[in-house]
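Inside the fold
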Amino acid sequence: MGNRCYLEASVVFVADAASLICVMGLLASMMMFPYQEESATVSERWRSTACDEIYVVREGETLQTISAKCGDQYIVERNPHIHDPDDVFPGLVIKIVPAGKF
């Protein structure tokens, strides 16, 4: 019976040691390759996409940035539901006439 307890204790020790080595390896890799948010990649992606006639405002956008991106200088005039050009929020649906579609 004594040998069996010794064997079980050895197996548990080896499993604990393997878990510790895995955790240390994971921590080392996290320190070597720090996490980078995808939001920068996503924001770059939507900046490069073409504008549709129906446009949904995304977080961080203003009418000025949308106008520059889409080439439409008359966003406020085409959208009578926008009473205050500074009151633009994510999810707001606006009409755009993209550059080249006049």
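Residues numbered from 1 in each chain as written. Predicted model: local features only at pLDDT ≥ 70, side-chain atom pairs only at ≥ 80, totals over all residues. Heavy atoms only, no water.

1. Some remarks on the overall build of the protein
Note the cut-off: By the criteria applied, helices consist of DSSP H or I runs no shorter than four residues and strands consist of E runs no shorter than two, each listed in order from the N terminus. Classification of residues uses two cut-offs on accessible area relative to the type maximum, computed with a 1.4 Å probe and protein chains only: under 20% is buried, over 50% is exposed, and between them is partly exposed. Contacts were defined at the residue level, with two residues in contact if any of their heavy atoms lie within 4.5 Å. Exposure was quantified through the Shrake-Rupley algorithm and a 1.4 Å probe, taking into account, for residues, occlusion by the shown protein chains and nothing else.
Looking only at helices and strands, the protein features four helices and two strands. Burial status across the protein gives 20% buried among its 102 residues. A separation threshold of at least 6 residues defines the contact pool for the protein, and within that pool the share at least 24 residues apart is 50%. About 8,200 Å² of surface is accessible on the protein, with carbon and sulfur atoms providing 62% of the total.

2. Comments concerning the side chain of N79
As for its position among the elements, N79 is in the loop between α4 (75-78) and β2 (93-95). Relative accessible area serves as the criterion here: at 2%, N79 is assigned to the buried category. Aside from chain neighbours lying at most four places away, what touches N79 is I94 and K95.

3. A few points about the nonpolar core
Quick reminder of the rule: The nonpolar core is taken to be a set of buried Ala, Val, Leu, Ile, Met, Phe, Trp, Tyr and Cys residues, with the residues joined through side-chain atoms within 4.5 Å.
Formed by C51, Y55, V57, L63, I66, C70, I75, I82, V88, L92, I94 and I96, the largest nonpolar core amounts to twelve residues. A per-element tally of this core places helix α3 (residues 63-70) first, with three residues. Each residue touching C51, except ones within four places of it in the same chain, is listed here: K69, C70, I96 and P98.

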